[in-house]
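# Overview (structure and organization)
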Amino acid sequence: MRTGFAVSTLSIVIGSAVLGLTLTTPRPAQAFLEDICIPRVRDGLKNCIAPASACKDPAEALNRSCLLEAAQFAAIPPGRSMIHADSTYFIAQALGYRADVAYWIAAYNENSDYGQYLPIDQCGGQATSTNSGASYITAAFNGFKRTNNTTDGPLYHYLLNFSPNGQGTDVHGASGVQAVYPFHYPPPGYPITIDSVYQGTLYDLRQWAMKGDEAPGLLCTAGYTVPNGSSNFSGPKCLANVPLSGNVPLLENYAIGPAINVMSGPKILDNSDTSNVVDYTRLKSWLDDKSRTTGVLFDDPKKPPVPVQIARIGLYLHSLQDASSHGTFCGDDAPSPPGGSDVGSYMFMSSGSIKLVFGTYCATGPHLASHVQETGTGDTSLPLRDYVALNNTVDELILFGNTIAKPRGWIVNPSLLPPNVVGGKSAAGDSAADLKSRLVGRIVQGVQWSRAEVYASGVITAPLQRTDAQDRLNTMNAALGAYSKRLTNANPKLTPLRPMPGNSFDSNDKSVCFK
């Protein structure tokens, strides 16, 4: 992980203009930024943003984006995040999920960033409505999209914790809720308690995602409900007609930037047609509508539309992962140590409205640089936030698997699924901790929950360190194939794991690519 605090004024100004554009126009962007992209000249997959080593003065880009990176971000081509997509897909299958269920969880995870996910294959092609990838495209809805600041969409990526004291000191820094560790604080933390006081947006999204049936449930703008004791996020109905407002900073130390001004109420699913704004209760009907998506559970003989529970858990996992990604550079005081100068990011109630506060390091320069650091690290371990995000993904897919997926027949290899996240072992003999150590990585330096621990990568995270995008994807696909072989060698009765549509365990196999 790069360190240092050099500032390039020109690159930050250009990058700031870029971020302003991304928050006011419909273009793809995300936390855990796209790291494999389709080049304009089709010759395999490429890195979406150059690493600091490619900058004219690498020292200039330490925790700041250099001019080259900012310019590339301004015109970033279609791609995907291998943390949001490939890693989530791998984890789900490793826990016994059927391949089609694992795919749609990963696809709707990515949908949160793009408004619609069009997968890319290992040859550098993208699914379209007229090629063989058409049936793998998600429904389109922009209510969760990071760049849609006409809704609360950005707040499902910049997870702002709620500050009861209105100062932010209770939700970040040395004595607060450490944003990089969602639901770990305050004690006793996950899974014994799921905090509904400070981490309200995530709490509300989680309870909706873990809902077992197809009924709409309750999902509110940024999570706000009518008060329930000390919680503003766990009441029986959404808070109505209270304004939420704030500005995402463009330049460090300046509170100017694209504005978010929305009203509380039911969560908006889509407002692309301003004369017909649709709320979250319509999600199932959109998934069932073949004019919106032809996506089905392709391994189910009946080929039903993608169930709403699968889309919900995918959307939630994206925000959960982003909570850690943004927790370092747009949540806690980091990259300053706890107690540093940054006020951090939080939200609070004041005079009948909700104020959104974004910390200094949400600004374009450090923000963009932080996402570039999250894959392609070479011989250096990935940043802590990567490991935390994927460990949380393992835990939540274990819980979802036992309570929702397994009863519905979506677990094809039940012997791989631990019964809980607190020590119970699967029929194959693995606990949640065992699987996290093997798949995500193990701590080799520092103490857990200290924000200083260092991991050695596991089966899934080791490929993410590869510096070349095509090699990164090929290595991930090969790792999935090797892991499948390891499992079936131990138990020949298991259903083998499968690569994502458009991919193969063999990097030279072109037959799988979209045509």
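### Some words on the packing of helix α7 (residues 308–329) against helix α9 (residues 384–405)
Running from amino to carboxyl end, α7 crosses α9 at an angle of 155°, the nearest separation of the two axes being 9 Å. As judged from the angle between their axes, α7 and α9 are roughly antiparallel. Seen along the crossing, α7 lies across α9 with a hand that is right-handed. Contacts between α7 and α9 involve Gln 309, Ile 313, Tyr 316, Leu 317, Leu 320, Gln 321, Ser 324, Ser 325, Thr 328 and Phe 329 on the former and, on the latter, Arg 385, Val 388, Ala 389, Asn 392, Thr 393, Glu 396, Leu 397, Phe 400 and Ile 404. Each residue belonging to the contact of α7 with α9 can be placed in one class, and the counts come to ten nonpolar, seven polar and two charged.

### Some details on the state of the cysteines
By the definition in use, this model includes three disulfides. Across the disulfide, Cys 37 is cross-linked to Cys 48 (sulfur-sulfur distance 2.0 Å). Sign of the S-S torsion, about 105° for the bond between Cys 37 and Cys 48, identifies this disulfide as right-handed. Note that Cys 37 is positioned in strand β1 (residues 36–37) and Cys 48 in the loop between β1 and α2 (67–74), a separation of eleven residues in sequence. Taking the relative accessible area as the measure of exposure, Cys 37 reaches 1% and is therefore buried.

### Things to note about the packing of aromatic side chains
All chains considered together, the criterion is met by 20 aromatic pairs. Ring centres 6.3 Å apart and planes at 10° place the aromatic pair Tyr 108 and Phe 141 in the stacked group. Linking Tyr 108 in helix α4 (residues 99–114) with Phe 141 in the loop between α4 and α5 (200–209), this pair joins segments that are 33 residues apart in sequence. In this structure, Tyr 108 and Phe 141 share a single accessibility class: buried.

### Describing the packing of α5 against α7
Relative to each other, α5 and α7 sit at 150°, their axes nearing to 9 Å. Taken together, the axes of α5 and α7 are roughly antiparallel relative to one another. Note that α5 runs across α7; the crossing there is left-handed. Facing α5, whose interface residues are Leu 202, Leu 205, Arg 206, Trp 208 and Ala 209, α7 presents Arg 312, Ile 313, Leu 315, Tyr 316, Ser 319, Leu 320 and Ala 323. A per-class count over the contact of α5 with α7 returns nine nonpolar, one polar and two charged.

### So, α7
Compared with the 32 Å implied by 1.5 Å per residue over 22 residues, the 32 Å span of α7 between its first and last C-alpha is a close match. With 22 of 22 residues buried, α7 lies mostly within the body of the structure.

### Things to note about unusual backbone geometry
Cis geometry is found at the peptide bond from Pro 187 to Pro 188, where omega equals 5°. Structurally, Pro 188 is set in the loop between α4 and α5. Following Tyr 190, the chain continues to Pro 191 via a peptide bond in cis, the omega torsion being -5°. Within the secondary structure, Pro 191 is located in the loop between α4 and α5. One non-glycine residue, Ser 351, adopts positive backbone phi at about 50°. When you line up the elements, Ser 351 lands in the loop between β7 (346–350) and β8 (353–357). What makes Ser 351 exposed here is its relative accessible area of 80%. Phi angles above zero are rare outside glycine, and Trp 449 is one such case at about 70°. Following the sequence through the fold, Trp 449 ends up in the loop between β9 (441–445) and β10 (454–457). Judged by relative accessible area, Trp 449 falls into the partly exposed class, the value being 35%.

### Details of the confidence of the model for the protein
Close reading of the predicted structure is inappropriate where its pLDDT is low. For the protein, per-residue confidence averages 88 on the pLDDT scale, and 87% of positions sit at 70 or higher. In this model residues 1–30 is a low-confidence stretch, pLDDT under 50, and it forms 97 contacts with partners more than four residues away in sequence or in other chains. For the stretch residues 333–339, pLDDT sits under 50, and the model shows 25 contacts to residues farther than four places along the chain or on other chains.

### What about the sheet that holds β8?
Sheet architecture is open: four strands sit in the order β4-β3-β8-β7, paired in mixed fashion. The open sheet is flanked by β4 (259–263) and β7, the only strands paired with a single partner. Taking each pair of neighbouring strands and ignoring which way they run, the sheet shows an average axis angle of 20°. Two strands pair when backbone bridges link them, and strand β3 (residues 243–247) and β8 are joined in this way by two bridges, in the parallel orientation. Note on β8: the bridge partner recorded for Ser 245 is Lys 355.

### Quick notes on the pattern of salt bridges
According to the stated counting rule, one finds 15 salt bridges in the structure shown. With a closest N to O distance of 2.7 Å, Arg 98 and Asp 100 form a salt bridge. There is no split in this pair, since Arg 98 and Asp 100 are both buried. Close ionic contact of Asp 152 with Lys 267 constitutes a salt bridge, the shortest N to O distance being 2.8 Å. Of this pair, Asp 152 sits in the loop between α4 and α5 while Lys 267 sits in the loop between β4 and β5 (268–270); the two residues are 115 residues apart in sequence, bridging distant segments of the chain. Here Asp 152 falls in the buried class, since its relative accessible area comes to 2%. Three or more residues joined by partner-sharing salt bridges are found here, namely Glu 214, Lys 284 and Asp 288.

About the cut-offs
- Residues numbered from 1 in each chain as written.
- Predicted model: local features only at pLDDT ≥ 70, side-chain atom pairs only at ≥ 80, totals over all residues.
- Heavy atoms only, no water.
- Axes fitted to C-alpha atoms, helices over the stretch in contact; angles between N-to-C directions.
- Helix = DSSP H or I, 4+ residues; strand = E, 2+ residues; numbered from the N terminus.
- Parallel < 35°, antiparallel > 145°, perpendicular 65-115°, else oblique.
- Left-handed = near helix turned anticlockwise from the far one by under 90°.
- Contact = heavy atoms within 4.5 Å.
- Nonpolar A, V, L, I, M, F, W, Y, C, P; charged D, E, K, R; others polar.
- Disulfide = S-S within 2.5 Å.
- Buried < 20%, exposed > 50% of the residue type's maximum accessible area, 1.4 Å probe, protein only.
- Phe/Tyr/Trp six-rings, centres within 6.5 Å; stacked < 30°, edge-to-face > 60°.
- Expected span 1.5 Å × (residues − 1).
- pLDDT = per-residue confidence, 0-100.
- Pairing = 2+ DSSP bridges.
- Salt bridge = Lys/Arg side-chain N within 4 Å of Asp/Glu carboxyl O.

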